[in-house]
Amino acid sequence: MPIENSKAHEIKRLTTPLTFKNSKAYDCDGNRLNCIETISDVRYIVEPKEGILTENEILQYAPESKKASKIKLKRGIGNLSDVLLIHDSIPWVAGIYYIALLCIAVPFVIWGNKVVMFVILILAILPLFYLYRITNLNNYTKIETKKPMKTTPQSTVKETVQTNVVENEGLESLKKYEKEVNNLKVLFDVKEEVVKDLIGKRFTPPQLTYDKFIAIIDSSHKLFYSQRDAALNIINLAAEDTPRIQGEVESKISNMKAIINQIEDLTNELVINISSDEESTDEVKNLIDEMENLIDSVKEY
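Residues numbered from 1 in each chain as written. Predicted model: local features only at pLDDT ≥ 70, side-chain atom pairs only at ≥ 80, totals over all residues. Heavy atoms only, no water.

**Points about the overall build of the chain**
- Summing up its helical and strand segments, the chain has 11 helices and 5 strands in all.
- Classification of the 301 residues of the chain by burial places 34% in the buried group.
- Sequence separation of 24 or more characterises 62% of the internal contacts of the chain that already satisfy a separation of 6 or more. (Helix = DSSP H or I, 4+ residues; strand = E, 2+ residues; numbered from the N terminus. Buried < 20%, exposed > 50% of the residue type's maximum accessible area, 1.4 Å probe, protein only. Contact = heavy atoms within 4.5 Å.)

**So, the layout of surface pockets**
- Estimated volume of the largest pocket: approximately 580 Å³.
- As for the largest pocket, its lining consists of 26 residues, and the residues nearest its centre are L14, T15, T16, Y61 and E264.
- Of the residues assigned to the lining of the largest pocket, the class counts are 14 nonpolar, 7 polar and 5 charged.
- Estimated volume of the second largest pocket: approximately 340 Å³. (1 Å grid on protein atoms, 1.4 Å probe; cavity = no way out; pocket = protein on both sides within 12 Å on 5 of 7 lines; lining within 4 Å. Points joined across faces, edges and corners; volume = space filled by probe spheres on them. Nonpolar A, V, L, I, M, F, W, Y, C, P; charged D, E, K, R; others polar.)

**Some words on the packing of aromatic side chains**
- Tallied over the full model, the rule gives 4 aromatic pairs.
- Aromatic pair Y97 and Y98: ring centres 5.3 Å apart, planes at 85°, arrangement edge-to-face.
- On the basis of relative accessibility, which here comes to 27%, the residue Y98 falls in the partly exposed class.
- Judged by centre distance (6.2 Å) and plane angle (75°), the ring pair of F188 and Y225 falls under edge-to-face. In this pair, F188 is assigned in helix α8 (residues 175-202) and Y225 in helix α9 (residues 208-237), connecting sequence segments 37 residues apart.
- Relative accessible area serves as the criterion here: at 1%, F188 is assigned to the buried category.
- Given the relative accessible area of 18%, Y225 is considered buried.
- Through successive ring pairs, a cluster of aromatic residues spans F188, F224 and Y225. (Phe/Tyr/Trp six-rings, centres within 6.5 Å; stacked < 30°, edge-to-face > 60°.)

**Details of the confidence of the model for the chain**
- Looking at the chain, the pLDDT average stands at 77 and 81% of residues meet or exceed 70.
- Contacts for the low-pLDDT stretch residues 143-170, under 50 throughout, to residues beyond four places or in other chains number 4 contacts. (pLDDT = per-residue confidence, 0-100.)

**A word on the nonpolar core**
- Grouped together as the largest cluster of nonpolar side chains are 51 residues, with contacts concentrated most on I199, F224 and L266.
- Counting only elements with at least two residues in this core, the list comes to α1 (3-15), α2 (55-61), α3 (66-74), α8, α9, α10 (243-276) and α11 (282-300).
- A total of 12 residues in this core trace back to one element, the largest contributor, which is α9.
- Core analysis: the second largest hydrophobic core is formed by 6 residues, L73, V83, I90 and I134 among them. (Core = buried A, V, L, I, M, F, W, Y, C linked by side-chain atoms within 4.5 Å.)

**Notes on a nonpolar patch on the surface**
- Taken together, the side chains of Y97, V115, F118, V119, L121, I122, L123, I125, L126, L128 and F129 make up a nonpolar region of the molecular surface, amounting to roughly 1,000 Å² of accessible area.
- Element by element, the count of residues in the nonpolar patch is highest for helix α6 (residues 114-135), at 10 residues.
- Along the polypeptide, L121 turns up in helix α6. (Patch = residues over 30% accessible without salt bridge, like charges linked within 9 Å, V, L, I, M, F, W, Y side chains within 5 Å. Areas by Shrake-Rupley, 256 points an atom, 1.4 Å probe, with all protein chains shown as cover. Salt bridge = Lys/Arg side-chain N within 4 Å of Asp/Glu carboxyl O.)

**A look at the sheet that holds strand β2 (residues 24-26)**
- With antiparallel pairing, the 3 strands of this open sheet are ordered in space as β1-β2-β3. Each edge of the sheet is formed by a strand with only one pairing partner; in this case those strands are β1 (19-21) and β3 (32-33).
- Examined bridge by bridge, β2 and β3 share 2 bridges and lie antiparallel to one another. Opposite A25, over in β3, you have L33 as the bridge partner. (Pairing = 2+ DSSP bridges.)

Quick look at the structure:
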């Protein structure tokens, strides 16, 4: 499978809503997911596969996964909830350990055996050092030290020339938007495919409802790509970087995100509607109406 197709499928797997059957959760490939139970909640997590997505893509498409938590902790932006997610079994193991230790300690406390009580105290303290180590966020941060480069006067001159060229171009600041636009395009393609599959399952063609829903998705597709093309044209063709130029690009990106959010809401509603086997489709139709209004408002703009 080509790398791009493999990446697109992985993004689809991570962003497609889970299916539930007999109280068990499955991803879109039919793989069963294990339940992750932390102190604060219970959840099912789709973990990214190795070697397909970059760290930034994992943070974007699988922000609730253990791998994302490891990346956040490594970068110094994680918190205690990320630690508890990675070590989800620690609270339960610690609880069982201390309950067992307490049961053992009670008779010796009653008998007044000081030697055994001292040993039990040591056994009670030792795990605390381990808990401190894994909850200390600084331990996860990898500090990358770079060796100072020995530069000759000639290399220094070359660096200065190259820096001046970049500064004279003056459009490098717009390139930061290009990656975001391309990532949104990949995400939209995945979500569009998912929602079309769900529409086909919920409203088996030929049906007027199916045709209407697919027509709205097609309109969303055209609108999304028109916003994408407009954003890329501004990024690549703008003669100078001004607040107005940046505002136009950000406006196009905002429209792209709004379309993706609407499709995501429709996807979630379809999943609920299919799972509950309800005849009523009012919520789904309301979302379609909202998508029509969004399309009209962006076109008018």
